[in-house]
Amino acid sequence: MTAAPVSAFRKSISLSLLAATALTAAAPATIAPAFAQSQELNALVWCDHTDPELVQPFEEEHDVRVNLREYEGTAAGLAILEQSQPGDWDVLVIDAVDVGRAVDLGIMAALPADELPTGDFFPELVMEDLNTRDGTTYAVTEKFGYNTVAYNKAAVDPADMTNFETLFSGKYDGRIAIYDYYLPLLGMLSLSEGIDTGDLDAEALETLREPLFDLRARSNQVSEVVASQTALATGEVDILVGGGEWLTAVLASENADLDWTIPEQGGVLWAQSIGVLESSENKDLATEFVKYIVSPEGQARLATSSCYWGMPANAAADDVLTDEEKTVLRWDDQPDFLTRVQRYPVPDAELDTAMQDLWTDMLQQ
């Protein structure tokens, strides 16, 4: 991938947490008898895993300290691994679409597929084509959501948000923010032009230039996660293109008017996976951590992390989440939503460069 963070859009922080997000979470530990070879477990993760409510139950059960380092973007994660010594890291959270890339690099260890509860997953989130290779499982999907349209329903007509073309009508000019990440946004524009994200090639990409520049001209700003979330929450803008439940769910208790929808043209599905690193010296314990994360209890805590909310891949979390939490996550709408979205574009190196160049051209307008 590229310098643009693959996972940056997910780092949504509530207004009460905008000042900072903890980079580590740990608890005092002694060596657990079942894992006498290891006193600590080291994981490269996204910010939703740094919530103590998620990590502490595992630490207490296994009497182990979990050291977490937060990163953004597959390229950044791979750079950390390249600069580290073998065995420094045990667990990796990664975009589901990038698991194959990590497998090709030989850094992912095989997981015991028969010990993973994928039979309870939303079928679309098993993603065997991404998480497995030649019958071997290297990662498991843990969380998902959508890049779509978020908005303040006190300031815009929710019916307008059901059609992406409304953004080009002039009605909301100057009240729009664009989330600053090229892959999901180009994927959304692709869908608006009737092009499947999987069919987005160099020729199709060029057809997106005009609508991308048009959208930029109608927008107040192109901004990263915290800035765009703040702009929507404070009324600086009323619409965020590229937003979704990851943006609004964590703020539901603070501003019930923030909402999101998938327009009739569709939205883009994001999904994150977790796996064990091949160089880990603590593979058994690392595997137990993966199994905990995808258990119903771990999934419910991950879904409602203080950093950002998202849907758990394991549908059995339904029995653990509260009714209020499921309402905020739009649990009952998921079967419909999943039929109306497509995965991120997965460009090769040449197309990825062209996408970034187009995005840069837009930013310079």
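Let me begin by describing the structure that accompanies this report.

Each value, and the rule that gives it
Residues numbered from 1 in each chain as written. Predicted model: local features only at pLDDT ≥ 70, side-chain atom pairs only at ≥ 80, totals over all residues. Heavy atoms only, no water. Helix = DSSP H or I, 4+ residues; strand = E, 2+ residues; numbered from the N terminus. Expected span 1.5 Å × (residues − 1). Buried < 20%, exposed > 50% of the residue type's maximum accessible area, 1.4 Å probe, protein only. Arc of directions from axis to C-beta. Contact = heavy atoms within 4.5 Å. Disulfide = S-S within 2.5 Å. Pairing = 2+ DSSP bridges. Core = buried A, V, L, I, M, F, W, Y, C linked by side-chain atoms within 4.5 Å.

What follows deals with helix α14 (residues 349-363). Across its 15 residues, α14 extends 21 Å between first and last C-alpha, which sits within 8% of the 21 Å expected from 1.5 Å per residue. Every buried residue of α14 is accounted for by Leu351, Asp352, Met355, Leu358, Trp359 and Met362. Take α14 and look down its axis: the buried residues cluster within an arc of 125°, on one side only. Relative to its buried face, α14 has exposed residues pointing more than 90 degrees away, namely Ala349 and Glu350. Contacts made by the buried residues of α14 are with β7 (176-179), α5 (182-192), α6 (202-206), α7 (209-217) and β8 (221-223).

Next up on the list: the state of the cysteines. As enumerated under the stated definition, the model contains one disulfide in all. Paired through a disulfide, Cys47 and Cys307 show a sulfur-sulfur distance of 1.8 Å. The sign of the S-S torsion, about -70°, decides the handedness of the disulfide formed by Cys47 and Cys307: left-handed. Taken together, the residues Cys47 in the loop between β1 (40-45) and α1 (52-62) and Cys307 in the loop between α11 (296-303) and β12 (311-312) connect sequence positions 260 residues apart. Here Cys47 matches Cys307 in class, with each residue buried.

Let us now look at the side chain of Gln334. Structurally, the position occupied by Gln334 is in helix α13 (residues 334-338). Assessed through its relative accessible area of 0%, Gln334 is described here as buried. Excluding residues that lie within four positions of it along the chain, Gln334 makes contacts with Phe122, Phe144, Tyr146, Met311 and Leu329.

Burial runs high along strand β6 (residues 140-152): 13 of the 13 residues are buried. Alignment of β6 against strand β11 (residues 267-276), held across seven bridges, turns out to be antiparallel. Its bridge partner being in β11, Val140 is matched across the sheet by Ile274. Bridge count between β6 and β12: two bridges; the pairing is antiparallel. Looking at β12, one finds that Lys143 is bridged to Pro312. Relative to strand β9 (residues 239-243), β6 runs antiparallel, the two being bridged by four bridges. Residue Tyr151 lies in a different strand from β9, and its bridge partner there is Ile239. Where β6 lies against strand β10 (residues 258-261), four bridges are found, and the strand directions are antiparallel.

Moving on, we get to α5. Counted residue by residue, α5 has 11 buried out of 11 residues, so it is predominantly covered. Listed as buried for α5 are Tyr182, Leu183, Pro184, Leu185, Leu186, Gly187, Met188, Leu189, Ser190, Leu191 and Ser192. Two residues or fewer after α5 comes Gly194, characterised by a positive phi angle close to 80°.

Attention now moves to the nonpolar core. Residues Phe144, Tyr146, Leu167, Leu186, Ile239, Val241 and Trp359 are the most contacted members of the largest nonpolar core, which totals 121 residues. Residues within four places of Leu186 in sequence aside, it is in contact with Leu200, Leu205, Leu208, Leu212, Met355, Leu358 and Trp359.

We now examine unusual backbone geometry. With a phi close to 50°, Asp63 is a non-glycine residue in the positive phi region. Considering the arrangement of structural elements, one finds Asp63 in the loop between α1 and β2 (65-70). Owing to a relative accessible area of 29%, Asp63 belongs among the partly exposed residues under this scheme. One non-glycine residue, Asp134, lies in the positive phi region at around 55°. As for its placement among the helices and strands, Asp134 is situated in the loop between β4 (132-133) and β5 (136-137).

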